[in-house]
Each structure stands twice: as C-alpha cells, then as structure tokens.
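# Structural overview for review
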Amino acid sequence: MATERFTLEELKRILREGAGTDENVDLDGDILDTDFEELGYESLALLETCGRIEREYDISLDDSAVSDARTPRALVDLVNGHLAPAAA
Amino acid sequence: MTAASPRTVVTGLGITAPNGLGTRDYWAATRVGKSGIGRVTRFDPSRYPSRLAGEVPGFVAEDHLPSRLITQTDHMTRLALVAADWALEDAGIRPEELPEYDMGVVTASSSGGFEFGQRELQKLWSQGSQFVSAYQSFAWFYAVNSGQISIRNGMKGPSGVLVSDQAGGLDALAHARRQIRRGTRLIVSGGIDASICPWGWVAQQAGKRLSTSDNPERAFLPFDPAACGHVPGEGGAILVLEDAEAAARRGARVYGEIAGYGATFDPRPGSGREPGLRRAVEAALANAGARPDDIDVVFADAAAVPELDRVEADAITGVFGPYGVPVTAPKTMTGRLYSGAAPLDVATALLAIDDELIPPTVNTDPAPAYSIDLVTGQARPAKVRTALVLARGHAGFNSAVVVRAPKTP
C-alpha cells in the first residue's frame with residue numbers, strides 16, 4: 001500500500017458515518033484536543049468508529065490503546081502509528 | 001375514594017399510526033373512517049403470501065432526531081423516540097426540570113428492531129463479522145425503546161419492557177401504573193412496533209394469521225363472515241402517565257384515568273375450559289370498581305380469525321349481554337400494530353371521551369351470530385365516560401384495561 005496518513009478530516013468523516021453527530025456539537029470546530037465524551041461519543045461509538053477505521057485501513061487496533069485515546073488527536077496519532085511502518 | 005391508592009392519569013399522547021402521523025392527523029382520519037392500509041411500499045412484497053400493510057406515512061426521522069441517534073436506531077425506535085417527544089410536549093413536561101429518578105419508562109415490544117437486525121445479518125453473511133455495526137448489540141433488542149427514551153430524556157426511575165405480543169401494550173400501561181402507585185411520579189409508557197421489512201415479514205407469515213387478500217377494503221374484516229386474518233401494521237402510541245395528585249398540582253390537562261386492569265392466560269388447548277378473555281374483562285372491571293353498565297364502549301382486540309372472533313364476541317356478550325354495549329375496532333384502519341395496538345386504542349378511547357364520538361370499525365359487516373353492537377360505517381356520537389380496551393397476544397395472553405374520563409372539577 002502506498003504512503004497513507006490518517007487525518008482529522010478522515011476521522012470526522014468516519015465518526016459522522018458510523019456514529020453521527022450530536023445536536024450541540026460542531027465537529028468542524030477546534031476539536032483536536034476535546035475529549036470524545038464531550039463530543040458525545042461514548043465507548044460504543046468509539047468501538048464502531050475504530051471498527052470502521054480497521055476495515056478501511058486494513059489495520060488492527062489494540063482495545064486498550066483505543067480506550068486510552070481520549071481525544072481526536074490521540075486517536076489520529078494511534079492510527080498513524082499503525083500506518084507508519086508501511087510508509088517508512 | 002381513599003388517598004391510600006394513588007390514581008394514575010394520562011396527561012400526554014404521542015401517536016404514529018398508519019392513518020395519521022401525530023395525534024391531530026390520526027384523530028382527524030380515525031373519526032371519519034379513513035384507512036391507512038395499502039400495498040407494502042418499503043420493499044417489493046410480490047413474492048410473499050401477504051402484500052398489504054399499514055405503514056406510517058410521511059415519517060422522516062432526520063426531521064426529528066439528531067444523526068447521533070439515527071445511526072444507532074431501528075425504524076421502530078425512531079418512531080418511539082419521536083412519539084415520546086410529542087407525548088411529553090403534549091403533557092407540558094420538560095424532563096430536564098424534574099428529578100431524574102422521579103421519571104421512568106415502561107414500554108411493550110413484540111419483535112424488536114427487525115430491519116436493523118436484517119441489515120447487520122446481511123453484512124455478517126456477505127462481508128464478515130468485522131462489518132457488523134457495534135450498535136447491533138442493542139438496536140434490535142426488545143427493551144431498546146425503553147432504553148433510548150430513558151437516555152434521551154434523562155429518566156432514571158423504574159423502567160422495563162413487557163413482551164406478550166399484542167397484550168403487551170396493556171400490560172405495559174398496567175406496569176407503569178403499578179410503578180406510579182409505588183411512588184414514581186411519572187412514567188412514559190405505551191408501545192411502538194414496526195417490522196415491515198423482509199425478515200420481519202417472513203416471521204409474521206409464520207404465525208399463519210395474516211390476510212392474503214390484495215384488496216385493502218376486504219383484507220381485514222373482524223367479526224365479518226368473510227374474516228380471513230389480519231393485516232399487520234406499524235406504529236402505536238406513547239403515553240405520559242402521572243400520579244393524579246402530582247398532575248393536579250402542576251395544573252396539567254388530564255385526558256383520563258387508567259382505572260382498571262386485568263390479565264389472564266388461556267387454558268391449555270384442548271382442555272375444554274373456557275378461554276381467559278372474559279375473566280380478564282371481569283378482573284379489569286372489578287379493579288376499576290366499575291359495573292358492566294358503566295362501560296360506554298369496548299375497543300375490541302379484533303383478531304379477524306373466526307375462532308378468535310367467536311371467543312371475543314362470547315366474552316363481550318357474556319359480560320354485557322347480547323348487543324349490550326357499543327363495540328368498535330378502529331384498528332381496521334391501521335392493521336394490527338402488535339405491541340403498539342392497545343396503547344393506540346387507549347389513546348383513541350381518551351380521544352373518544354374528549355370528542356364524545358365512538359370511531360367506526362371500517363369495511364366489516366358483522367355476522368349476526370356474534371350478537372355484538374359493532375359501530376360500523378361511520379362514527380357514533382356518544383357521551384363516553386368509561387371505556388374498556390381489550391388485547392390478546394399470540395399463545396394465550398389476554399389483557400383488559402378500563403379507561404375513565406377525567407373527574408369534572
């Protein structure tokens with residue numbers, strides 16, 4: 001697979017498709033360091049989101065690493081950590 | 001009356017029915033006998049034995065609910081969430097202003113979220129387990145309407161789900177009343193079912209009680225000599241039930257009281273013993289402190305299967321005498337809604353009380369042998385103060401509820 005980076009834009013797309021968005025949340029705002037709970041995504045929404053990421057990017061994410069990723073920035077970094085070896 | 005047994009009143013209605021979306025549309029159609037039964041549109045029914053259904057018209061979930069809820073809900077739950085919103089609004093209740101443990105949710109369910117489940121099973125078999133939604137863990141589940149209404153409105157009081165086919169709609173209201181008697185101030189209750197998708201459709205065929213007619217006016221004919229099974233439908237009603245004193249204190253408009261309830265189970269087939277429906281009626285009347293001549297109208301279960309029509313007619317004439325009470329089945333305009341049917345009938349009884357009008361049973365021309373005063377053709381003006389609602393579930397459930405007009409001040 002060619003060099004590929006997981007971006008915040010991709011994460012937002014997958015969040016919208018898999019879990020939708022809350023009425024009072026603007027995903028296009030400054031959300032990189034906002035806790036997922038505050039964005040309206042509880043553990044099940046993140047399970048669905050990570051399942052979709054794993055399918056699309058053909059990677060496998062560790063459950064405990066996923067639950068430690070409390071913010072979009074942390075999750076984007078985690079996914080890129082799995083994509084990095086292919087890009088190197 | 002003593003203060004020892006708190007009364008339970010209905011203060012809000014939310015209706016999604018095949019002949020009307022919202023209470024106003026539903027009652028406008030029902031009082032004039034306008035049916036919502038037609039050929040299934042949600043999928044192509046031509047290869048199935050039954051092809052007619054009552055589908056809720058004009059419902060666009062995205063107009064009412066955030067995408068966060070759309071992704072995790074079946075069609076049935078979306079209808080239930082919107083009906084609950086409407087019922088609370090109708091009651092003038094703002095849940096965020098009440099203590100969260102003072103409010104509970106008790107609904108009935110007969111099938112769960114079939115359409116959601118079908119989609120995920122298709123993904124499982126065609127693409128693999130990785131493609132199954134995480135929300136399949138609850139979106140199909142019987143208790144999901146109670147759960148989602150509870151979460152959306154912050155209601156943490158006693159909650160639950162009753163599963164007894166069509167009787168469940170009354171069993172849920174009765175259980176809600178029980179929780180109010182135990183001290184919970186408000187319970188959102190009722191039922192919404194919706195499984196008009198290929199998987200749900202096949203499951204319903206297996207019950208062998210569906211009409212196979214293609215003529216919407218001849219397909220669902222309870223108490224008619226040509227009765228040939230029922231047409232299924234989707235939707236139902238969500239009601240706000242409150243402790244009568246709490247409702248009075250906040251000056252709520254009261255539709256009426258859930259005054260009595262009785263439930264029985266049929267004896268083993270072939271036992272020769274009398275079916276249980278009549279005993280359920282007598283228990284509900286006794287529970288309400290009502291005599292048969294207090295009842296102004298009976299909302300029939302109306303199975304449209306000759307043996308079951310016979311049992312119901314016998315129960316009614318046994319308690320009220322031949323032609324002893326007006327009987328109606330507005331569900332001839334919606335189809336049988338399973339757990340949604342009886343809450344819709346209770347809501348309809350309350351609207352009949354308010355409008356002094358018994359809505360009609362459409363299409364049916366009752367067989368004289370049943371000796372019941374079926375309100376056919378058009379609505380009958382009547383001062384309705386007390387109504388009896390009947391519901392039976394597949395495999396022997398019988399439930400009856402007495403609904404009483406609000407006390408006049």
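Residues numbered from 1 in each chain as written. Chains lettered and ligands numbered in written order. Predicted model: local features only at pLDDT ≥ 70, side-chain atom pairs only at ≥ 80, totals over all residues. Heavy atoms only, no water.

## With respect to the overall build of chain A
Of the regular secondary structure elements, chain A holds 4 helices and 0 strands. Against the compact-globule benchmark of 12 Å for 88 residues, chain A has a radius of gyration of 12 Å, which places it among compact chains. If one aligns the C-alpha atoms of chain A with their principal axes, the spans along those axes are about 40 × 25 × 20 Å. Contacts spanning at least 24 positions in sequence make up 62% of the contacts within chain A whose residues lie at least 6 apart. In the structure as shown, chain A presents an accessible area of about 4,700 Å², 46% of it carried by carbon and sulfur atoms. One way to put it: in chain A the 8 positive side-chain charges average out to a point 4 Å from where the 22 negative ones average out. (Helix = DSSP H or I, 4+ residues; strand = E, 2+ residues; numbered from the N terminus. Rg over C-alpha atoms; globule rule 2.2 N^0.38 Å. Contact = heavy atoms within 4.5 Å. Areas by Shrake-Rupley, 256 points an atom, 1.4 Å probe, with all protein chains shown as cover. Lys, Arg positive; Asp, Glu negative; His and termini not counted. Charge placed at Lys NZ, Arg CZ, Asp CG, Glu CD.)

## Focus: the pattern of salt bridges
Under the counting rule described, the total for this entry stands at 33 salt bridges over all chains. R310 of chain B is paired through a salt bridge with D314 of chain B; the nearest N and O atoms lie 3.2 Å apart. Residue R310 of chain B and its partner D314 of chain B are located together in helix α11 (residues 306–320), separated by 4 residues, close to a single helical turn. A residue is classified by how much of its surface remains accessible, and D314 of chain B, at 37% relative accessible area, is partly exposed. If you follow the salt bridges from partner to partner, you end up with E9, K12, R16 and D28 of chain A in one network. (Salt bridge = Lys/Arg side-chain N within 4 Å of Asp/Glu carboxyl O. Buried < 20%, exposed > 50% of the residue type's maximum accessible area, 1.4 Å probe, protein only.)

## A look at the domain arrangement of chain B
Residue and element names in this part refer to chain B. When the domains of chain B are assigned, the result is domain 1 (8–249) and domain 2 (259–404). On a C-alpha basis, the centroid separation for the pair domain 1 and domain 2 is 21 Å. Contact residues are listed per partner, giving 61 residues for domain 1 and 61 residues for domain 2. Summing both partners gives a buried area of about 4,700 Å² for domain 1 against domain 2, and 65% of it is carried by carbon and sulfur. Contact with domain 2 buries surface across domain 1, with Q166, L170 and F223 losing the most and accounting together for 21% of the total. At the boundary of domain 1 and domain 2, one finds 1 salt bridge. Here R31 and D355 are joined by a salt bridge, their closest N and O atoms 2.9 Å apart. Viewed at the interface, domain 2 and domain 1 are joined by 22 residue pairs in polar contact (both at pLDDT 80 or more). Secondary structure elements with two or more residues in the side of domain 1 that touches domain 2: β1 (8–17), α1 (23–31), α7 (168–181), β7 (186–193) and β8 (235–243). When residues of the side of domain 1 that touches domain 2 are assigned to their parent elements, the largest contribution, 7 residues, is made by α7. Residues that form the side of domain 1 that touches domain 2 fall into these classes: 28 nonpolar, 21 polar and 12 charged. (Domains from an automatic or database assignment. Buried area = accessible area lost by both parts, 1.4 Å probe. Polar contact = N/O pair within 3.5 Å; in protein donor to acceptor, adjacent residues only side chain to side chain. Nonpolar A, V, L, I, M, F, W, Y, C, P; charged D, E, K, R; others polar.)

## Quick notes on the UniProt feature "domain: Carrier" (unreviewed entry) in chain A
In the UniProt entry, the feature "domain: Carrier" (unreviewed entry) is given for residues 5–83 of chain A. End C-alpha atoms of residues 5–83 of chain A are separated by 7 Å, and the span's content is 57% helix alongside 0% strand. (UniProt positions renumbered as here; feature names shortened; annotations may be inferred.)

## Section: the side chain of N398 of chain B
Residues and elements named next belong to chain B. You can see N398 is positioned in strand β16 (residues 397–404). Among the polar contacts listed, one links the side chain of N398 to the side chain of D266, at a separation of 3.0 Å. Once residues within four sequence positions are removed from consideration, N398 is found in contact with G262, A263, T264, F265, D266, G276, L277, A280, A391 and R392.

## Points about the packing of aromatic side chains
Centre-to-centre distance and the angle between the planes together describe a pair of aromatic rings. Residues and elements named next belong to chain B. For the coordinates displayed, the defined rule picks out 10 aromatic pairs over all chains. Plain terms: the ring middles of F43 and W201 are 6.0 Å apart, the flat faces sit at 70° to each other, and that makes the pair edge-to-face. With F43 in the loop between β3 (37–39) and β4 (52–54) and W201 in helix α8 (residues 198–205), this pair connects stretches of sequence that are 158 residues apart. Of the residues examined, F43 reaches a relative accessible area of 12% and is grouped as buried. (Phe/Tyr/Trp six-rings, centres within 6.5 Å; stacked < 30°, edge-to-face > 60°.)

## Some points on the confidence of the model for chain B
Residues and elements named next belong to chain B. For chain B, mean pLDDT is 97; residues scoring 70 or higher make up 99% of the total. Taking the mean pLDDT of every element in chain B, the minimum, 95, falls on α8 and the maximum, 99, on strand β10 (residues 297–299). Complex prediction metrics read pTM 0.96 and ipTM 0.89. (pLDDT = per-residue confidence, 0-100.)

## Looking at the environment of G393 of chain B
Residues and elements named next belong to chain B. When you line up the elements, G393 lands in strand β15 (residues 386–393). With relative accessibility at 7%, the residue G393 sits in the buried group. Between the C-alpha atom of G393 and that of G190, which follows or precedes it by 203 residues, the distance is 15 Å. In this structure G393 touches S164, D165, Q166 and A167, once residues within four positions along its chain are discounted.

## Notes on a nonpolar patch on the surface
Residue and element names in this part refer to chain B. Judged by side-chain polarity, L121, L124, W125 and W199 come together as a nonpolar surface patch covering roughly 440 Å² of accessible area. Residue contributions to the nonpolar patch peak at 3 residues, all from helix α4 (residues 114–126). Along the chain, L124 turns up in helix α4. The class of L124 is partly exposed, set by a relative accessible area of 31%. (Patch = residues over 30% accessible without salt bridge, like charges linked within 9 Å, V, L, I, M, F, W, Y side chains within 5 Å.)

## Digging into the environment of G335 of chain B
Residue and element names in this part refer to chain B. With respect to the helices and strands, G335 occurs in the loop between β11 (326–328) and α12 (341–355). For G335, a relative accessible area of 0% corresponds to the buried category. Placed 281 residues apart in sequence, G335 and G54 show a C-alpha to C-alpha distance of 5.5 Å. Leave out the neighbours within four places in its chain, and G335 touches I37, F220, V231, P232 and G233.

## Observations concerning the interface of chain B and chain A
On the side of chain A, 17 residues touch chain B, which itself brings 13 residues to the contact. Each partner contributes to the roughly 1,100 Å² buried at the junction of chain B and chain A, and carbon and sulfur atoms together form 50% of this total. Considering only the surface of chain B that becomes buried against chain A, R68, A134 and Y135 of chain B emerge as the three largest contributors, covering 46% of it. Applying the counting rule to chain B against chain A returns 1 salt bridge. R68 of chain B is the salt-bridge partner of E42 of chain A, the closest N and O atoms lying 2.5 Å from each other. The interface formed by chain B and chain A holds 8 residue pairs in polar contact (both at pLDDT 80 or more) in total. Of all the elements in the fold, those that place two or more residues in the side of chain B that touches chain A are α2 (67–70) and α5 (136–139) of chain B. For the side of chain B that touches chain A, the per-class residue count stands at 6 nonpolar, 5 polar and 2 charged.

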